[in-house]
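As a plain string of letters, each chain reads:
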Amino acid sequence: MSKSPRRPVAGLPDEETLIAFLREAGTAEKTDIARHFGLKGGERRALREMIRALEEAGKLGKRGRKGFSEVGALPAVGVADVVERDMDGELYVRLVEASADAPRALLVPDNDKPGPAPGMGDRVLVKFARGEDGWEARLIKTLDAGANKVLGVIRKSNKEVRVEPVDRRSKDVLLVPHAQAEGLRDGDLVLAAIEQGDQRYGPKRGKILEKIGHEGDARAASLIAIAAHNVPMGFSEAVEKEAEDQELPALKGREDLRDLPLITIDPADARDHDDAVYAMRDEDPKNADGWIVWVAIADVAAYVRPNTNLDREARDKGNSTYFPDRVEPMLPERLSNGLCSLKQGENRACMAVRMVFDRDGRKTAHKFVRGLMRSQAKLSYEQAQAAIDGQTDDATGPIMAAILEPLWAAYRTMLKGRLKRSPLAIESPERRIRMNDQGQIISIEPRVSLEAHRLIEEMMIQANVCAAETLEQKKTPLLYRVHDAPSQEKLFNLGDFLQTIGKPWTKGEPATTKRFNKLLDETRGGDHAEVVNEVVLRSQMQAIYSAENVGHFGLNLDRYAHFTSPIRRYSDLIVHRGLIRALGLGKDGLTDREISELPAIAEQVTMTERRSMAAERAAMDRYMAAFLQERVGATFPGRITGVTRFGLFIRLDETGADGLVPVSTLGTEYFTHDDKSHALVGERSGARWTLGRTVEVRLKEATPITGGLVFEMLSEPAPRDPNAPAPRLGQRARGPGGGGFPKRGGGRPGGPKPPKGGRPSGGLKGVRKGKRR
């Protein structure tokens, strides 16, 4: 019995009283009802007859093995499964132990709780209540998020229908009834639930929850990644309406910045523009050769206010998620590509910071204002860079002397301060997938790093520092972006590896960015440059959000917050609200409740960032496999980027795609995994496959549905290292006789992924779209 109503006078109740009791209690067994009404002997027999008559009349229904409740009613609290999604994306639940007459209920998430929102197939604990349009189920807790779900591909035959998982690590092939697969084609992508039972042998049984798409769809990779990682899609009707009802704020109470020639510099394909910049010489004689730099950011807080539908869904999403063919935005298009986007020639609300730098690039002062601005120009990185390099166009020519040249002069002054600070200088090359309008991949190419990128990056970093400093000075709690120093264990592992390539590294010395940069500088351009860059990257901790400050090791900053991208990051919106509160810039600042919840918000936005990064990586893997599928049998140059006991991970020079050379294909002897030197070592010959080596491989398999690539090694291993100790036994990889080859893997396209190591968030490179310092 879920709830015990007030006890009435003892005696057999009439039908209305009994039904009223069950309506309040939700569910109750006969013994509970008899105890509640104080029934004994013959009265209990009369109660059983009454319940039987009410059942036959269709007024009562069974719940579980012994319970009863009013027909069409739900208990006050119950365990339910998410069983349906409607056209608007709303989720519905059904009680786990429900009778045939039990209604479904609209799931109402509790957006004040951190963690991912429930999805199809999840099991939840909810509080039921009757709403105006039917039953509602308010989420109390997610009990089983995704543990019993499989995202897979339909495979049909005359005898059976199977769902084969798209996750390369999963072995949960499900057998589903033919009746459930009616209307589905071979190759359809579906979300299925594993049926619980006592089955021990053969495929597990399952049921289909919903269709996602088809494996042949050009954009299937993004759909799979979104579904597999529970990335929230779209917006509720209430949120869309709230967004449509927003209007540009009045100038009253704001500083008029419309005469300030701010410009936006973004990727050529950017749809939203959340930051604008401008620089001018400081006329103060006390700051000779100094600069004033303005950074203006979209005032998202003016539209997305605390405790609104817009705010709750933005917090649930946490950030926008970027795929090669689409974006799942944090905010509806009316805001993200409309009112909040700093469009050329249009009035826009903004939060701006005016920063003063001296001739040595040291920031000496700053001030935040809430204003109204009008962007003077919209440029791409390539446009701006070409203009500085002497190739102006119709957009850049007229603003060259007044805007672009001062921006670059200010940046080169700021660069002095950056070089003195010495942030971590890891090189983390990125790849860009170019697609046509039909979603077909045209090319995969490296992203070119321009000085224009670095200019915007440094100005955004300084604006972020100003936000953290101001909030600390005003004693207003905030969300920090923190990046801890490497652990002693990681430093020791780095030292062990560097010893194998003859580079000295004193293990006892504390980690500093200058020390890492010295190592990177000494090896840059040499044979070991890429592998040293890789192992230094893996030695770093991951950046996270936190209500407590530990500094940002990678940027070598004592305090740092995210302020510059509130259109696509909820963390930045929280920082904006903090500044509004601290500086008295409006009534829509950070609330007391939000301050009390900052640790939970930090966990939430860190989780959503990880979720997006994983989904983005998974989609990239699948798109790369699709691009290379027609080139099976071709040979490629590459580099060993991971060494494990089950094989070598290879990154291709041409595309940056990662794949596996199974250890079973490397030769006729056993190989031992030497984790200190990151090598596979032949037990008989001493031949070595080492991290960072350039090799040539042949593509054997490419499986777009899982993103798996399998290669055949064409290069020869390095000879025995005369200075290396004998391989340690007990860590055999594999010779032709077996030994050590893992069950999950290796040679299959569904084998393990490359090791991520301690890769910092976003590779510590960049603060723009898709980059997360």
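Residues numbered from 1 in each chain as written. Predicted model: local features only at pLDDT ≥ 70, side-chain atom pairs only at ≥ 80, totals over all residues. Heavy atoms only, no water.

**Description of the overall build of the chain**
Thinking step 1. Broken down by element type, the chain carries 16 helices and 34 strands.
Thinking step 2. A buried classification covers 52% of the 773 residues belonging to the chain.
Thinking step 3. Taking the intrachain contacts of the chain between residues at least 6 apart in sequence as the baseline, contacts between residues at least 24 apart amount to 68%.
Thinking step 4. Summing over all exposed atoms, the chain offers an accessible surface of approximately 35100 Å²; the carbon and sulfur share of this is 47%. (Helix = DSSP H or I, 4+ residues; strand = E, 2+ residues; numbered from the N terminus. Buried < 20%, exposed > 50% of the residue type's maximum accessible area, 1.4 Å probe, protein only. Contact = heavy atoms within 4.5 Å. Areas by Shrake-Rupley, 256 points an atom, 1.4 Å probe, with all protein chains shown as cover.)

**Quick look at the confidence of the model for the chain**
Thinking step 1. Taken as a whole, the chain shows an average pLDDT of 85; of its residues, 87% reach a score of 70 or greater.
Thinking step 2. Considering only residues more than four positions removed or in separate chains, one finds that residues 734-752, a stretch of pLDDT under 50, has 59 contacts. (pLDDT = per-residue confidence, 0-100.)

**Digging into the sheet that holds strand 32 (residues 688-690)**
Thinking step 1. Judged by pairing direction, the sheet is antiparallel, and its three strands sit side by side in the order 30-31-32 without closing on themselves. Looking at which strands have only one partner, the edges of the open sheet turn out to be strand 30 (671-674) and strand 32. Taken over all neighbouring pairs, the strand axes of this sheet differ in orientation by 20° on average, direction set aside.
Thinking step 2. In terms of strand pairing, strand 30 meets strand 31 (residues 679-682) through four bridges, oriented antiparallel. Across the sheet, residue Thr 672 finds its bridge partner in strand 31, namely Val 681. (Pairing = 2+ DSSP bridges. Axes fitted to C-alpha atoms, helices over the stretch in contact; angles between N-to-C directions.)

**Overview of the packing of aromatic side chains**
Thinking step 1. This model, assessed by the stated rule, comprises four aromatic pairs.
Thinking step 2. With a centroid separation of 6.1 Å and 90° between ring planes, the pair formed by Phe 516 and Phe 553 is classed as edge-to-face. Separated by 37 residues along the polypeptide, Phe 516 in helix 12 (residues 513-523) and Phe 553 in the loop between strand 26 (544-546) and helix 14 (570-583) bring together distant segments of the chain.
Thinking step 3. The structure contains a cluster of three or more aromatic residues connected by ring pairs, namely Trp 505, Phe 516 and Phe 553.
Thinking step 4. One cation-aromatic arrangement involves Arg 515 over Trp 505; the distance from NZ or CZ to the ring centre is 3.7 Å. (Phe/Tyr/Trp six-rings, centres within 6.5 Å; stacked < 30°, edge-to-face > 60°. Lys NZ or Arg CZ within 6 Å of the ring centre and 35° of its normal.)

**A look at the pairing of strand 34 (residues 708-713)**
Thinking step 1. Burial analysis of strand 34 places five of its six residues in the buried class, which makes it a mostly covered element.
Thinking step 2. Hairpin connection between strand 33 (residues 694-703) and strand 34: a loop of four residues separates the two successive antiparallel strands, and Gly 707 in this loop has a positive phi of roughly 80°.

**Some words on a positive patch on the surface**
Thinking step 1. On the surface, Lys 30, Lys 40, Arg 44, Arg 45 and Arg 48 cluster together to form a positively charged patch.
Thinking step 2. Among the elements that make up the positive patch, the one with the highest residue count is helix 3 (residues 42-56) (three residues).
Thinking step 3. Tracing the chain through its elements places Lys 40 in the loop between helix 2 (30-37) and helix 3. (Patch = residues over 30% accessible without salt bridge, like charges linked within 9 Å, V, L, I, M, F, W, Y side chains within 5 Å. Salt bridge = Lys/Arg side-chain N within 4 Å of Asp/Glu carboxyl O. Lys, Arg positive; Asp, Glu negative; His and termini not counted. Charge placed at Lys NZ, Arg CZ, Asp CG, Glu CD.)

**Let's talk about the side chain of Ser 677**
Thinking step 1. Within the secondary structure, Ser 677 is located in the loop between strand 30 and strand 31.
Thinking step 2. By relative accessible area, Ser 677 is classed as buried at 6%.
Thinking step 3. At a separation of 3.2 Å, a polar atom in the side chain of Ser 677 contacts the side chain of Arg 688.
Thinking step 4. If we skip the residues at most four places from it in the chain, Ser 677 touches Phe 497, Thr 500 and Arg 688. (Polar contact = N/O pair within 3.5 Å; in protein donor to acceptor, adjacent residues only side chain to side chain.)

**Thoughts on unusual backbone geometry**
Thinking step 1. Even without being glycine, Lys 475 reaches a positive phi, approximately 55°.
Thinking step 2. For Lys 475, a relative accessible area of 74% puts it in the exposed group.
Thinking step 3. The phi dihedral of Asn 556 falls on the positive side, at around 55°, and the residue is not glycine.
Thinking step 4. You can see Asn 556 is positioned in the loop between strand 26 and helix 14.
Thinking step 5. Judged by its relative accessible area of 36%, Asn 556 falls in the partly exposed class.

**Quick notes on the side chain of Glu 313**
Thinking step 1. Position of Glu 313 among the secondary structure elements: in helix 6 (residues 309-317).
Thinking step 2. Notably, Glu 313 is buried but unbridged: the nearest opposite-charge side chain belongs to Lys 317, and the N-O separation is 5.6 Å.
Thinking step 3. Within the structure, Glu 313 has its side chain in polar contact with the side chain of Ser 236 (distance 2.6 Å).
Thinking step 4. Each residue touching Glu 313, except ones within four places of it in the same chain, is listed here: Gly 234, Phe 235, Ser 236 and Val 239.

**Some points on the pairing of strand 28 (residues 647-652)**
Thinking step 1. In terms of burial, strand 28 is a largely internal element, five of the six residues being buried.
Thinking step 2. Two elements, strand 27 (residues 635-644) and strand 28, share six bridges in a ladder whose sense is antiparallel. Within the sheet, the bridge partner assigned to Gly 642 lies in strand 28 and is Phe 649.
Thinking step 3. Counting the residues that bridge the hairpin from strand 27 to strand 28 gives two residues.
Thinking step 4. Bridge count for strand 28 against strand 29 (residues 658-662) is five bridges, and the pairing is antiparallel. By the bridge assignment for strand 29, Ile 650 is matched with Gly 659.

**A short note on the pattern of salt bridges**
Thinking step 1. Going through the model one piece at a time under the given rule, you end up with 44 salt bridges.
Thinking step 2. Across the salt bridge formed by Asp 188 and Arg 185, the nearest N and O atoms sit 3.8 Å from each other.
Thinking step 3. Since its relative accessible area comes to 0%, Asp 188 is described here as buried.
Thinking step 4. Glu 530 is the salt-bridge partner of Arg 639, the closest N and O atoms lying 2.8 Å from each other. Highlighted residues: Arg 639 in strand 27 and Glu 530 in helix 13 (residues 529-538), separated in sequence by 109 residues.
Thinking step 5. For Arg 639, a relative accessible area of 15% translates into the label buried.
Thinking step 6. What emerges from the salt-bridge pattern is a single network uniting Arg 155, Glu 164, Asp 186 and Glu 215.

**Quick word on helix 4 (residues 220-228)**
Thinking step 1. Most of helix 4 sits out of view: seven of its nine residues are buried.
Thinking step 2. Every buried residue belonging to helix 4 is among Ala 220, Ala 221, Ser 222, Leu 223, Ile 224, Ala 225 and Ile 226, and all of these are buried.
Thinking step 3. Where the residues of helix 4 are buried, they touch strand 9 (149-156), strand 12 (188-194), strand 13 (204-214), strand 19 (327-328) and helix 16 (598-628).

**Remarks on the nonpolar core**
Thinking step 1. If you look at the biggest cluster of nonpolar residues, it comprises 88 residues, and the most contacted ones within it are Val 295 and Met 459.
Thinking step 2. Sort the elements by how many residues they give to this core and helix 10 (residues 451-473) lands first, with ten residues.
Thinking step 3. Those residues in contact with Met 459 that lie beyond four places of it in its chain are Val 277, Val 293, Val 295, Met 355, Leu 407, Tyr 411 and Met 414.
Thinking step 4. Counting 55 residues, the second-largest nonpolar core is a separate cluster that includes Leu 491, Phe 553, Phe 671 and Leu 680. (Core = buried A, V, L, I, M, F, W, Y, C linked by side-chain atoms within 4.5 Å.)

**Remarks on the packing of helix 5 (residues 237-244) against helix 6**
Thinking step 1. Viewed as axis vectors pointing N to C, helix 5 and helix 6 meet at an angle of 120°, and their least axial separation amounts to 8 Å. With respect to helix 6, the axis of helix 5 lies oblique. Relative to helix 6, the crossing made by helix 5 is left-handed. Between helix 5 and helix 6, the contacting residues are Ala 238, Val 239, Glu 242 and Ala 243 on the first element and Asn 309, Leu 310 and Glu 313 on the second.
Thinking step 2. Looking at the contact of helix 5 with helix 6, its residues break down into four nonpolar, one polar and two charged. (Parallel < 35°, antiparallel > 145°, perpendicular 65-115°, else oblique. Left-handed = near helix turned anticlockwise from the far one by under 90°. Nonpolar A, V, L, I, M, F, W, Y, C, P; charged D, E, K, R; others polar.)

**A look at the sheet that holds strand 9**
Thinking step 1. The strand order around the closed barrel formed by five strands is 9-10-11-13-12, and the pairing between neighbours is mixed. For this sheet, the mean angle separating the axes of adjacent strands, direction not counted, is 50°.
Thinking step 2. Judged from the five bridges that link them, strand 9 and strand 10 (residues 161-165) form a sheet pairing that is antiparallel. Residue pairing for strand 10: Lys 156 is matched across the bridge by Val 161.

**Side note on the packing of helix 14 against helix 16**
Thinking step 1. Orientation of helix 14 relative to helix 16, taken along the N-to-C sense of each, is 150°, at an axis distance of 10 Å. Taken together, the axes of helix 14 and helix 16 lie roughly antiparallel to each other. Where helix 14 abuts helix 16, its residues Tyr 570, Ser 571 and Ile 574 lie against Leu 598, Ile 601 and Val 605.
Thinking step 2. Residue classes in the contact of helix 14 with helix 16 are distributed as five nonpolar, one polar and no charged.

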